[in-house]
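# Inside the fold
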Amino acid sequence: MKRGIFVIAAVMMASAASAESVAELNEKELNAIDSNNDGFLSKDEFNAFSDYAFQEMDEDKNGTLGLDEAKPFLDIKQFQKVDRDEDNAISRAEYDTQMNEDFINADQDGNGLLD
């Protein structure tokens with residue numbers, strides 16, 4: 001299950017997420033994130049998941065994701081896209097910025113929910 005949760009983070013960070021990519025995720029994994037079980041991912045639920053995923057991926061607990069930590073989830077091009085300051089690490093701020101952009105892109109109707 002833990003690997004599946006990280007797959008969601010990778011899907012979101014890998015490209016501009018779309019409703020289609022969210023729909024392709026395993027229903028069991030989405031249900032684990034949908035804490036109120038309403039069938040939608042709110043921004044709060046998404047943020048809680050995003051926080052959890054970052055903390056779990058940050059194996060050395062230094063507040064950044066190095067290439068080795070991200071490698072199971074992102075290829076080099078995806079890593080470089082998120083690493084905006086090109087310091088070979090994804091800071092928490094870079095990660096949060098990317099995840100926020102991806103949520104906004106996936107929320108095609110702008111209602112604050114991913115459905």
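Structural notes, computed from the coordinates. All of these numbers come straight from a predicted model, not from anything done at the bench.

## Quick look at the packing of helix α4 (residues 43-57) against helix α7 (residues 92-106)
With their axes 11 Å apart at the nearest point, α4 and α7 run at an angle of 145 degrees to one another. Considering only the axes of α4 and α7, their crossing is right-handed. Mapping the contact onto sequence places K43, F46, F49, S50, D51, A53, F54 and M57 in α4 and R92, Y95, D96, M99, N100 and F103 in α7.

## Points about the packing of aromatic side chains
Within the structure shown, the criterion is met by three aromatic pairs. Ring geometry for F46 and F103: centres 5.1 Å apart, planes at 50 degrees, overall tilted. Of this pair, F46 sits in helix α4 while F103 sits in helix α7; the two residues are 57 residues apart in sequence, bridging distant segments of the chain. Like F103, F46 is buried. Considering the side-chain rings of F54 and Y95, the 4.9 Å spacing of their centres and the 55 degrees angle between planes classify their relative orientation as tilted. Separated by 41 residues along the polypeptide, F54 in helix α4 and Y95 in helix α7 bring together distant segments of the chain. Of the two residues, F54 and Y95, both sit in the buried class.

About the criteria used
Residues numbered from 1 in each chain as written. Predicted model: local features only at pLDDT ≥ 70, side-chain atom pairs only at ≥ 80, totals over all residues. Heavy atoms only, no water. Axes fitted to C-alpha atoms, helices over the stretch in contact; angles between N-to-C directions. Helix = DSSP H or I, 4+ residues; strand = E, 2+ residues; numbered from the N terminus. Left-handed = near helix turned anticlockwise from the far one by under 90°. Contact = heavy atoms within 4.5 Å. Phe/Tyr/Trp six-rings, centres within 6.5 Å; stacked < 30°, edge-to-face > 60°. Buried < 20%, exposed > 50% of the residue type's maximum accessible area, 1.4 Å probe, protein only.

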